[in-house]
Each structure stands twice: as structure tokens, then as C-alpha cells.
Amino acid sequence: MAWPLWAATLLANILGCAVMGGLAAYLMAHPQYEIWRPFMLIGLCGALTTFSSFTLDSFTLFEKGAYGTLFTYISLSVFSSLFIFFGAYYLVRLGVGVK
């Protein structure tokens, strides 16, 4: 069974938030790498996650009348992305010895 397009976007956004959280913590703990911060966080992670895909998927679900799936998708996208970002950020901070 193939995954619906919105599920693939959700997975990419969650993965991107985990990577961004970990990178943000690592780069903040190592100021000597500050020059890489825009490239890594905005460039790399920004390319992996896209708000435009999220918006298109949401609109498509709305147009199909799949309101339950739409609500679930939006909720999962926002809350899981925040949860994953915070979790990755603090796990990496612990790993590099920053309190």
C-alpha cells in the first residue's frame, strides 16, 4: 500500500525538525562553527522541509472534504514537529555537555 502524499510530507517535516533541533543545539554549543549556521539550518533543513508542500497537502484534503484527515494532519504536523525539534535540541545539548 502506498503512503498518501500528505504522510510523506509529514514524515519529511518531522525528520527535518529533528535534524534542525540537533544542529541548532550543536552549533550553539560550538560558536566556532557560527559561520555554518545559516547554511545548515536555513539551507539544508529548509530544503528538506517545505511549508508550501504542507499547505498544498492541506488544501487538497480540504478540497476532497477529508476534514478529519485534514485536522489530524495539521495537528500532527505542528505538534510533532515542535516536540521533535525540542527533543532533538535538548538531547544534543546534553550530549555536548551544555545545560
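Residues numbered from 1 in each chain as written. Predicted model: local features only at pLDDT ≥ 70, side-chain atom pairs only at ≥ 80, totals over all residues. Heavy atoms only, no water.

Visitor: Can you walk me through the overall build of the chain in this structure?
Guide: Secondary structure summary: the chain contains 4 helices and 0 strands in total. Order of helices (α) and strands (β) in the chain, N terminus to C terminus: α-α-α-α. In terms of its C-alpha atoms, the chain occupies a principal-axis envelope of roughly 50 × 25 × 20 Å. For the chain, the proportion of its 99 residues judged to be buried stands at 28%. Long-range pairs, those at least 24 residues apart, make up 67% of the contacts in the chain between residues at least 6 apart in sequence. (Helix = DSSP H or I, 4+ residues; strand = E, 2+ residues; numbered from the N terminus. Buried < 20%, exposed > 50% of the residue type's maximum accessible area, 1.4 Å probe, protein only. Contact = heavy atoms within 4.5 Å.)

Visitor: How do you make sense of helix α2 (residues 37–48) when you look at a structure like this?
Guide: Helix length check: α2, at 12 residues, gives a terminal C-alpha distance of 16 Å against a target of 16 Å (1.5 Å per residue), a fit within 8%. Turning to α2, its buried residues are Met 40, Leu 41 and Cys 45. Projected down its long axis, α2 shows its buried positions confined to an angular sector of 85 degrees, all on one face. In α2, the exposed positions angled more than 90 degrees off the buried face are occupied by Phe 39, Ile 42 and Ala 47. (Expected span 1.5 Å × (residues − 1). Arc of directions from axis to C-beta.)

Visitor: I would appreciate a short explanation of the environment of Leu 41 in the present structure.
Guide: Note that Leu 41 resides in helix α2. With 24 residues separating them along the chain, Leu 41 and Cys 17 place their C-alpha atoms 9.9 Å apart. Apart from residues no more than four positions distant in its own chain, Leu 41 is found in contact with Met 20, Leu 23, Ala 24, Leu 27 and Gly 46.

Visitor: Sorry if this is basic, but what is going on with the confidence of the model for the chain here?
Guide: Low pLDDT marks regions whose predicted coordinates should not be analysed in detail. Averaged over the chain, the pLDDT score is 89; the fraction of residues at 70 or greater is 99%. When mean pLDDT is compared element by element in the chain, helix α4 (residues 67–95) scores highest at 94, while α2 scores lowest at 83. (pLDDT = per-residue confidence, 0-100.)

Visitor: Got a minute to help me understand the side chain of Ser 80 in this structure?
Guide: One can find Ser 80 in helix α4. By relative accessible area, which is 17% here, Ser 80 ends up buried. Excluding residues within four positions of it along the chain, Ser 80 makes contact with Leu 10, Ile 14 and Ser 75.

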